[in-house]
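Spelled out, the chains give:
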Amino acid sequence: YIRTGELDGLQAEVQREPRLALDGGADGLDFYRIIARRASDFLKSGGRLYLEVGYGQAELVAGLLRENFFVNIKKDYDDIERMILAQKK
């Protein structure tokens, strides 16, 4: 969920995570695109999908899901849009 170009500038403790777990491609959304495209294949009607998103990504990720899901964005305790709650149509 992190842009490839930002990985080297992350805090040391974050850089200890496997790069594959952090690298979201050029815009940070590569994994979300895959999830949005394939999730409905694995969920029944009404099935739910919960995603944590990075700063500034909530509306972009929600847009990827809206074709097949009802989408609700939730904020964290710092008032940052952080969670996507999606229910299959």
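For clarity, every value in this text was computed on a predicted model and none was experimentally measured.

Visitor: Account for the packing of helix α3 (residues 30-42) against helix α4 (residues 58-65), with residues named and values stated.
Guide: Where α3 contacts α4, the axes come no closer than 8 Å and their chain directions differ by 25°. Judged by the inter-axis angle, α3 sits roughly parallel to α4. For the crossing formed where α3 meets α4, the hand is right-handed. Residue-level contacts link Tyr 32, Arg 33 and Ala 36 of α3 to Val 61, Leu 64 and Leu 65 of α4.

Visitor: Can you tell me about unusual backbone geometry, naming the residues and giving the values?
Guide: Trans is the prevailing form of peptide bonds, just as negative phi is the prevailing case for residues other than glycine. You will see that Asp 79, though not glycine, has its phi angle at about 65°, which is positive. Inspection of the secondary structure puts Asp 79 in the loop between β2 (69-75) and β3 (81-88).

Visitor: So what's going on with the layout of surface pockets? Which residues, and what values?
Guide: Estimates place the volume of the largest pocket at around 220 Å³. Around the largest pocket, the lining comprises 14 residues; the ones closest to its centre are Tyr 1, Ile 2, Gly 54, Tyr 55 and Gln 57. Its residues assigned to classes, the lining of the largest pocket comprises 7 nonpolar, 3 polar and 4 charged.

Visitor: Which residues make up the nonpolar core, and what values go with them?
Guide: Membership of the largest hydrophobic core comes to 15 residues, with the highest contact counts inside it found for Leu 49, Leu 51, Val 61, Leu 65 and Ile 84. Secondary structure elements with two or more residues in this core: α3, β1 (48-52), α4, β2 and β3. At 4 residues, the largest contribution of residues to this core is made by α4. Those residues in contact with Ile 84 that sit more than four places away from it in its chain are Leu 49, Tyr 50, Leu 51, Val 53, Ala 58, Val 61, Ala 62, Leu 65, Val 71, Asn 72 and Ile 73.

Visitor: Lay out the packing of aromatic side chains in plain terms, naming residues and giving numbers.
Guide: Across all of its chains, the model carries 0 aromatic pairs by this definition. A cation over an aromatic ring shows up here: Lys 89 above the ring of Phe 70, its NZ or CZ 5.6 Å from the ring centre.

Visitor: Which residues make up the pattern of salt bridges, and what are the values?
Guide: As a working rule, side chains carrying opposite charge can pair if their charged atoms are close by. Enumeration over the complete set of coordinates arrives at 7 salt bridges. Here Arg 66 ties to Glu 59 by a salt bridge, and the two come within 2.6 Å at their closest N and O atoms. Residue classification places Glu 59 among the partly exposed residues on the basis of a relative accessible area of 44%. Asp 79 is the partner of Lys 75 in a salt bridge, and the nearest nitrogen-oxygen pair spans 3.6 Å. What makes Asp 79 exposed here is its relative accessible area of 54%. Connected through shared salt-bridge partners, Asp 27, Asp 30 and Arg 33 make up one network.

The rules behind these values
Residues numbered from 1 in each chain as written. Predicted model: local features only at pLDDT ≥ 70, side-chain atom pairs only at ≥ 80, totals over all residues. Heavy atoms only, no water. Axes fitted to C-alpha atoms, helices over the stretch in contact; angles between N-to-C directions. Helix = DSSP H or I, 4+ residues; strand = E, 2+ residues; numbered from the N terminus. Parallel < 35°, antiparallel > 145°, perpendicular 65-115°, else oblique. Left-handed = near helix turned anticlockwise from the far one by under 90°. Contact = heavy atoms within 4.5 Å. 1 Å grid on protein atoms, 1.4 Å probe; cavity = no way out; pocket = protein on both sides within 12 Å on 5 of 7 lines; lining within 4 Å. Points joined across faces, edges and corners; volume = space filled by probe spheres on them. Nonpolar A, V, L, I, M, F, W, Y, C, P; charged D, E, K, R; others polar. Core = buried A, V, L, I, M, F, W, Y, C linked by side-chain atoms within 4.5 Å. Buried < 20%, exposed > 50% of the residue type's maximum accessible area, 1.4 Å probe, protein only. Phe/Tyr/Trp six-rings, centres within 6.5 Å; stacked < 30°, edge-to-face > 60°. Lys NZ or Arg CZ within 6 Å of the ring centre and 35° of its normal. Salt bridge = Lys/Arg side-chain N within 4 Å of Asp/Glu carboxyl O.

Any functional reading would require information beyond the geometric quantities listed.
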